[in-house]
Every structure is written in structure tokens, then in C-alpha cells.
Amino acid sequence: MKILVANNAGFCFGVKRAVEKAYDQLNNKDGKNTYTYGDLIHNPQVVSDLEGKGIKSIKKIENLTKNDRIIIRTHGISEKIYNNLKEKKIELIDMTCPFVKRVQKIVNGYYKKGYCIIIIGDKNHPEVIGVNGWCNDSAFVVKSVDDAKILPHLNKACVVAQTTITQEMWDDILDILNKKVDELISFNTICDATHKRQKSAEELSKEVDIMIVIGGKNSSNTQKLKKICESNCKNTIQIESAGEIDINTFRDVDIVGITAGASTPDYLIEEVIKKIMGTRKEDSNE
Ligand code: SF4
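Residues numbered from 1 in each chain as written. Predicted model: local features only at pLDDT ≥ 70, side-chain atom pairs only at ≥ 80, totals over all residues. Heavy atoms only, no water.

1. Description of the overall build of the protein chain
Per the secondary structure count, the protein chain includes ten helices and twelve strands. For the protein chain, the C-alpha radius of gyration of 21 Å lies close to 19 Å, the compact-globule estimate for 286 residues. C-alpha extents for the protein chain along the principal axes are approximately 65 × 55 × 20 Å. Sequence separation of at least 24 residues holds for 72% of the intrachain contacts in the protein chain that already meet a minimum separation of 6. On the protein chain, roughly 13,900 Å² of surface is accessible, and the fraction owed to carbon and sulfur atoms is 48%. Across the protein chain, 42 positive and 40 negative side-chain charges occur, with their mean positions spaced 6 Å apart. (Helix = DSSP H or I, 4+ residues; strand = E, 2+ residues; numbered from the N terminus. Rg over C-alpha atoms; globule rule 2.2 N^0.38 Å. Contact = heavy atoms within 4.5 Å. Areas by Shrake-Rupley, 256 points an atom, 1.4 Å probe, with all protein chains shown as cover. Lys, Arg positive; Asp, Glu negative; His and termini not counted. Charge placed at Lys NZ, Arg CZ, Asp CG, Glu CD.)

2. As for the domain arrangement of the protein chain
For the protein chain, the domain assignment lists domain 1 (2-10 + 193-279), domain 2 (13-98) and domain 3 (99-190). Between the C-alpha centres of domain 1 and domain 3 the distance comes to 31 Å. Every contact between the two is made by six residues of domain 1 and, on the other side, six residues of domain 3. Summed over both partners, the interface of domain 1 with domain 3 buries about 510 Å², with 61% contributed by carbon and sulfur atoms. On the domain 1 side of the interface with domain 3, the three residues burying the most area are T194, S220 and K224, jointly 61% of the side's total. For the pair domain 1 and domain 3, the interface holds zero salt bridges. Our count for the domain 1 to domain 3 interface comes out at three residue pairs in polar contact (both at pLDDT 80 or more). Where the side of domain 1 that touches domain 3 is concerned, the elements lending two or more residues are α8 (192-205) and α9 (220-232). Considering every element that reaches the side of domain 1 that touches domain 3, the biggest residue donor is α9, with four residues. (Domains from an automatic or database assignment. Buried area = accessible area lost by both parts, 1.4 Å probe. Salt bridge = Lys/Arg side-chain N within 4 Å of Asp/Glu carboxyl O. Polar contact = N/O pair within 3.5 Å; in protein donor to acceptor, adjacent residues only side chain to side chain.)

3. A short note on unusual backbone geometry
One non-glycine residue, N136, lies in the positive phi region at around 55 degrees. Examined against the element boundaries, N136 turns out to sit in the loop between α5 (126-132) and β7 (140-142). Positive phi values are uncommon outside glycine, yet D137 reaches one of about 55 degrees. D137 gets classed as exposed once you look at its relative accessible area, which sits at 54%. (Buried < 20%, exposed > 50% of the residue type's maximum accessible area, 1.4 Å probe, protein only.)

4. Things to note about the sheet that holds strand β12 (residues 255-260)
Read from one edge to the other, the open sheet built from four strands follows the order β1-β12-β10-β11, with strand pairing classed as parallel. Each edge of the sheet is formed by a strand with only one pairing partner; in this case those strands are β1 (2-5) and β11 (236-239). Taken over all neighbouring pairs, the strand axes of this sheet differ in orientation by 20 degrees on average, direction set aside. Here strand β10 (residues 210-214) pairs with β12 via five bridges, running parallel. If you follow I212 over to β12, its bridge partner there is I258. Along the sheet face, α8 touches β1, β10 and β12 and points at about 170 degrees away from the line of β12. (Pairing = 2+ DSSP bridges. Axes fitted to C-alpha atoms, helices over the stretch in contact; angles between N-to-C directions.)

5. Topic: the pattern of salt bridges
Scanning the model with the defined rule gives nine salt bridges in all. We note a salt bridge from K53 to D49, for which the minimum N-O separation is 3.0 Å. Using a relative accessible area of 46% as the deciding quantity, one classes K53 as partly exposed. In this structure D49 comes out as partly exposed when scored by relative accessible area, which is 29%. Ionic pairing is found between K226 and E230, a salt bridge with its closest N-O pair at 3.7 Å. With K226 and E230 both in helix α9, this residue pair falls four residues apart, about one helical turn. Under the relative-accessibility criterion, E230 is labelled partly exposed at 30%. Among the charged side chains, a salt-bridge network with shared partners connects D30, K32, R69 and E91.

Take a look at the structure:
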């Protein structure tokens, strides 16, 4: 049995930077409490490890004091929350991914110039909630061609993408928007890391008998990887850790493909490989 890992799998630049910064804080002995605003990344194993070491995830900032510091995760926050934290003089460690910051700046700039804002993405995703918070929560958020079709006619609008959507979703929805908006300014803000992971997963899933997607069940980019892999390999499973692997699954399998969402640390990928190798000791790993 061969195990092939996708060329681009696991931690992306933004997540790596945020996780390293959070672990750095464990050496900070200034007596302040450190929190993350929401789960730092969409990976329950990393979140619970940080909690065990004293960095808790919180959803509300009301009770924070000057003795606290807060880490802003890669998804970013709204302008209102940002200003609230500043007013309360809470120390901020802003780990908003620079690619997400760029989207926030575009939205804020065009909103101030009088453009309607359209975000292609999931209205419940924290990144989209944060970005919408830079245009006073006024954006139209669309996540399907059907959503786009029921938008009102607009004179001028600026459209951006949630960084983790697929290129196909962007193209399909943009087609409709071009017919609905007189003056449409578009910024394809899909992150390159996302695109590369999706492309590698797509290619690999065409070559294998079973495809394993490792990542948090609540991770949007992991869900999309799963969907892409399923379209080429019906035998696709998603897991969060090696513990979920059923060794019987690999009995008659020749080639196993592995990919992992942008919030999946390398050690979880390695544990999965070890577990699969343990099921067929005579086989090789690539
Ligand atoms: S997926 Fe892209 S935008 Fe999101 S955190 Fe990673 S590098 Fe940043």
C-alpha cells in the first residue's frame, strides 16, 4: 500500500503564524491573562492543548480588564469590536491574517466611497462576520448562484470573496453579479494557500483508492477539500485525528491519499500516516 500526501496540506502561512504567536505567549511571565477571541483555529486538538496550558478561548469581551490580553485569530474581527478593545485598553495581539486584513481594507475603503458591498461566502463564518463589520454590517452576503439571482439591481457595488471559497463558486456568482450591477468592482480575494490546497487535493484524489481529509469538522476549508475529493474519489473520509481511523477500511486498498485543512498541524498528519502504516506493516510510505 502506498500513502501519498498532497503537495500542499496542513497549516497555511496565516495559521502557522497565529499558532506560533499563541504558544510564544506561554513564555510571557508579566502576570497578564491571555485569551483568544473565539477558537484560535478550526482545530479542536490545538484549541484544547492551548486551553490546558492556560490560554482560553472567549466569545465575549465585556469582562476583560487592563490585566488581560487578547489574541485576534486569523479570521479577524469587526471594526466595532476592534475599537471596543482599544477603548478598554486591552492589549491586542492582532493575528488577523494579512490576506484577510486586505479584504477588510478593501471593504472599508469602498464602503466609505459609497459603494454597496457584496461578500461571496458564508454569512455565519467568522471571517465573513468580521469583514462585514468593516462596512457597518451592510454587505449583501451570497453563497450561491440562487442567492445572487435574488439580489436587487444595484448601481455600484464592490464584491470580495471569503478567502476560502472555491474559484468555481467565485466565477459562477460573478457571472450573475455582472448582469445585476451597473458598475461592479471585483476583487478576487480567494487566498492562494486555499487555492493550492484545493488544486493538490483535486489532483491527488484522481489517483487514489481512498482519500483521507484531516481537519476540524467546523473548518470551512476542510469541508471544501472533502467536497472536491469526493467528486473524484467516492471513497473519501474526513477525520480530525488518527483515533477515528477504522483499520478495516484499508484492507483492500492499494493507494491512500491524504490531504489536510489549513488548520491541521503536521503532527496530526504524521499520526494518521503511522496509524495507517500500522495496519499494513509490510507496505511502504511515500
Ligand atoms: S487560508 Fe489564507 S487567508 Fe486564511 S489564514 Fe491561511 S493564509 Fe490566511
